[in-house]
Amino acid sequence: MTMTVLRGGVVHTLDGSASRSAIAFAGGRVVALGPAAEPLAREGGATVVDLDGAVVVPGVNDAHLHAGWLGARWPHTILPASDTTPSPLSAEPTLQSPAERAAALERTWTILAALGITSYTEPGIGPGEDDGTGAFDTQMLEAYLNLHNRGVRTVRVTLLQLFGRLDGEGTLRALRAGLARALPHTDRSWLNISGVKVFADGIPPLRTACVSHAYDDGTHGSLLTYDDEHERAREDTLAEMIALVHDSGRQLAVHATGDRTIALTAAAAQLNGAARSAPPSYIVHADMAGEDELAAMSAAGLGATIQPLIALRTRAWASEVIGQKRAAAAWPIERILRTLPFATISSDAPVVEPDWRRALDAALTLVGRDDVDLRRLLMRAVTAAPAVQDGAASWKGTLDVGMAADAVVLSADPLEPGTPFPEITVRRTICGGRTVYAAD
Ligand SMILES: [Zn+2]
C-alpha cells in the first residue's frame with residue numbers, strides 16, 4: 001500500500017474538529033492526521049509532500065455541473081464574468097460522435113482537476129434530449145460508461161437521468177417508461193447513476209418560474225410537468241411524478257425556482273416520504289424560497305443546491321421582471337444553508353464557470369459579511385454537504401480518518417476572513433489517493 005504524507009501545513013478536515021498539521025493517505029483513504037501522520041513519512045516508498053504552509057481541505061464537490069455541455073462549450077459560458085469577454089458563440093456546439101462526447105468529458109475533467117474538484121453531479125442525461133445537441137443524450141450516458149469501463153478515475157460522478165426535455169416539458173408517460181428501464185452496473189463510488197432530474201418550471205428572469213405574485217406583465221409562469229394521456233392538472237402531474245420516482249427508490253432532484261413550484265414540490269415530497277429516501281431528494285436552484293417554502297422543504301426532508309454566482313450575475317435582470325424587492329429577497333443564501341436538512345453551493349456550469357472560489361466569493365458578497373463561521377459554512381457547502389446530497393457522507397466530503405482520500409492543496413486558508421477566495425490558487429488535487437493535478 002503506497003503511503004502519501006502531506007505535512008508542514010494546515011489541514012482542515014471540515015468535520016468539526018480542529019485543524020491539523022499533516023495528513024496521510026493510503027489505499028485511497030485517510031489513514032492518519034496530525035502527529036500520527038508524521039512518522040508514516042519515513043515508511044519505505046512513501047511519497048512526502050512538504051506543504052510549506054499550504055492548506056489542505058477536502059476535495060471540492062460541484063453538486064450541479066453539466067460536464068458534457070461544459071466540455072462542448074468551454075471557454076464560453078452562458079453568463080460570462082464582466083472582466084472576461086470571450087468571443088460569443090455563433091451557435092450552440094453539437095457533439096456528433098462517441099469520440100467527441102468522450103473528448104468533451106475529458107476536457108471538463110482536466111479543468112475540474114485544476115480547480116480542486118474531485119466529485120460532481122451531472123444533472124440530466126437521457127432520452128429526453130436524444131434529438132438535442134449531443135451533450136445530454138443517451139449517447140452521453142454511453143460516453144460516461146465507456147470512460148468508466150476503461151478505468152478512467154480522476155473525478156467521482158453522480159449522474160441524474162433525464163426523461164423529459166432539458167429546461168423544458170416532461171410527460172408522465174416518458175418518466176414511467178424511463179424508470180422501467182434497468183440501470184447499467186457501475187462502481188458506484190466513481191459513477192453513481194443515482195436518480196432522476198424533473199423540470200418543474202423555468203427561471204424568474206424569463207418569467208417561466210411558477211410564482212404566486214404576478215410578473216411585471218401580469219403572468220405567473222406555469223409548471224412544465226404534464227400528462228399527455230389523461231386530463232389532469234399540471235400540479236397533480238408533478239405530485240404523481242414525485243411519487244413515481246420515490247417508489248422507484250431513486251434519488252429525486254426537482255428543478256424548481258418559483259415560490260409556487262417550490263411549495264408544490266415540498267407538499268408532494270412530504271406526502272411521499274422524501275425524507276426517508278436515500279440518496280436524499282432535493283430542489284435545484286430554489287431561487288424564490290421564502291420562510292414558508294423553506295419551512296415546508298425542511299418538513300419534507302428536502303435539501304437544495306443553489307448557485308450564488310448566477311444569483312449575483314442575474315440579479316439586475318431578475319429585478320426587472322419580479323421587482324427590486326422580491327429580487328433582493330431571492331436566494332436567501334445563509335438561511336438556505338442554515339435551515340435546510342442539507343444545502344449545497346454549485347456552479348451549474350457552463351451557465352457560469354465551474355469555479356467554486358468565485359461562487360463562494362459571490363456568496364460572501366450576497367450575504368454581506370465575512371467571518372470564519374460563515375466561511376466554514378460555505379466551505380462545507382462545497383465539500384461535506386454535497387456528500388450528503390450524494391448519499392455518501394459516510395465515506396467522502398470530510399478528511400477524518402477512514403474517509404476517501406479526496407483532497408485539495410490551496411495556497412492560502414479559505415477560512416481566514418479577508419482572504420479573497422478567487423486569489424487562492426490550487427497547488428495539488430488528490431482524488432482517491434492519486435494526484436490528478438499538480439501546479440508545478
Ligand atoms: Zn443545470
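Residues numbered from 1 in each chain as written. Predicted model: local features only at pLDDT ≥ 70, side-chain atom pairs only at ≥ 80, totals over all residues. Heavy atoms only, no water.

(A) Quick look at the overall build of the protein. In terms of regular secondary structure, the protein is built from 13 helices and 18 strands. Taking 2.2 N^0.38 as the reference for a compact globule, 440 residues should give roughly 22 Å; the C-alpha atoms of the protein span a radius of gyration of 21 Å, in line with that estimate. Its C-alpha atoms give the protein principal-axis dimensions of about 70 × 45 × 45 Å. Across the 440 residues of the protein, 58% fall into the buried class. The contacts of the protein with a sequence gap of at least 6 include a subset with a gap of at least 24, amounting to 73%. Per element, the accessible surface of the protein, about 17,000 Å² overall, is 50% carbon and sulfur. (Helix = DSSP H or I, 4+ residues; strand = E, 2+ residues; numbered from the N terminus. Rg over C-alpha atoms; globule rule 2.2 N^0.38 Å. Buried < 20%, exposed > 50% of the residue type's maximum accessible area, 1.4 Å probe, protein only. Contact = heavy atoms within 4.5 Å. Areas by Shrake-Rupley, 256 points an atom, 1.4 Å probe, with all protein chains shown as cover.)

(B) How the structure looks around the coordination of the zinc ion. Distances from the zinc ion to its protein donors, namely H64 (NE2), H66 (NE2) and D348 (OD), fall within the range 2.1 to 2.2 Å. Donor residues for the zinc ion, ordered by position in the chain, follow H-x1-H-x281-D. On the basis of relative accessibility, which here comes to 4%, the residue H66 falls in the buried class. (Donors = N, O, S within 2.8 Å, 3.2 Å for Na, K, Ca; no water.)

(C) Seen up close, the packing of aromatic side chains. Enumeration over the complete set of coordinates arrives at three aromatic pairs. Seen from their ring centres, W109 and Y144 are 6.4 Å apart, and the 50 degrees between their planes marks the pair as tilted. Placement of W109 in helix 2 (residues 98-114) and of Y144 in helix 3 (residues 138-149) is noted, with a sequence separation of 35 residues between them. Grouping residues by exposure puts W109 and Y144 together as buried. Consider the rings of Y282 and F342, whose centres lie 6.4 Å apart with planes at 70 degrees: the pair is edge-to-face. (Phe/Tyr/Trp six-rings, centres within 6.5 Å; stacked < 30°, edge-to-face > 60°.)

(D) Up close: the pattern of salt bridges. One pass over the structure, following the stated rule, counts 25 salt bridges. With a shortest N-O distance of 2.9 Å, D137 and R101 are connected by a salt bridge. With D137 in the loop between strand 7 (117-125) and helix 3 and R101 in helix 2, this residue pair connects regions lying 36 residues apart in the sequence. Judged by relative accessible area, which is 4%, D137 ranks as buried. Relative accessible area serves as the criterion here: at 3%, R101 is assigned to the buried category. As a salt-bridge pair, K396 and D390 come within 2.9 Å of each other at their nearest N and O atoms. (Salt bridge = Lys/Arg side-chain N within 4 Å of Asp/Glu carboxyl O.)

(E) Representation of the side chain of T429. Within the secondary structure, T429 sits in strand 17 (residues 426-431). For T429, the side chain forms a polar contact with the main-chain oxygen of A113, separated by 2.6 Å. Excluding its chain neighbours within four sequence positions, the residues that come into contact with T429 are A113, G116, I117, T118, A407, V408, R434, T435, V436 and Y437. (Polar contact = N/O pair within 3.5 Å; in protein donor to acceptor, adjacent residues only side chain to side chain.)

(F) Examining the sheet that holds strand 13 (residues 282-285) more closely. Taken in spatial order, the eight strands of this open sheet run 6-7-8-10-12-13-14-15, and their pairing is parallel. The open sheet has two edge strands, strand 6 (60-62) and strand 15 (343-345), and neither has a second partner. Pairs of neighbouring strands in the sheet enclose a mean axial angle of 20 degrees, with direction left out of account. As paired elements, strand 8 (residues 156-162) and strand 10 (residues 191-199) share six bridges and run parallel to each other. Across the sheet, T158 pairs through a bridge with N192, a residue of strand 10. Each of strand 10 and strand 12 (251-256) is contacted by helix 5 (residues 234-248), which is oriented at about 155 degrees to strand 12, the strand it contacts most. Running over the sheet, helix 6 (residues 259-271) touches strand 12 and strand 13 and is turned about 160 degrees from strand 12. (Pairing = 2+ DSSP bridges. Axes fitted to C-alpha atoms, helices over the stretch in contact; angles between N-to-C directions.)

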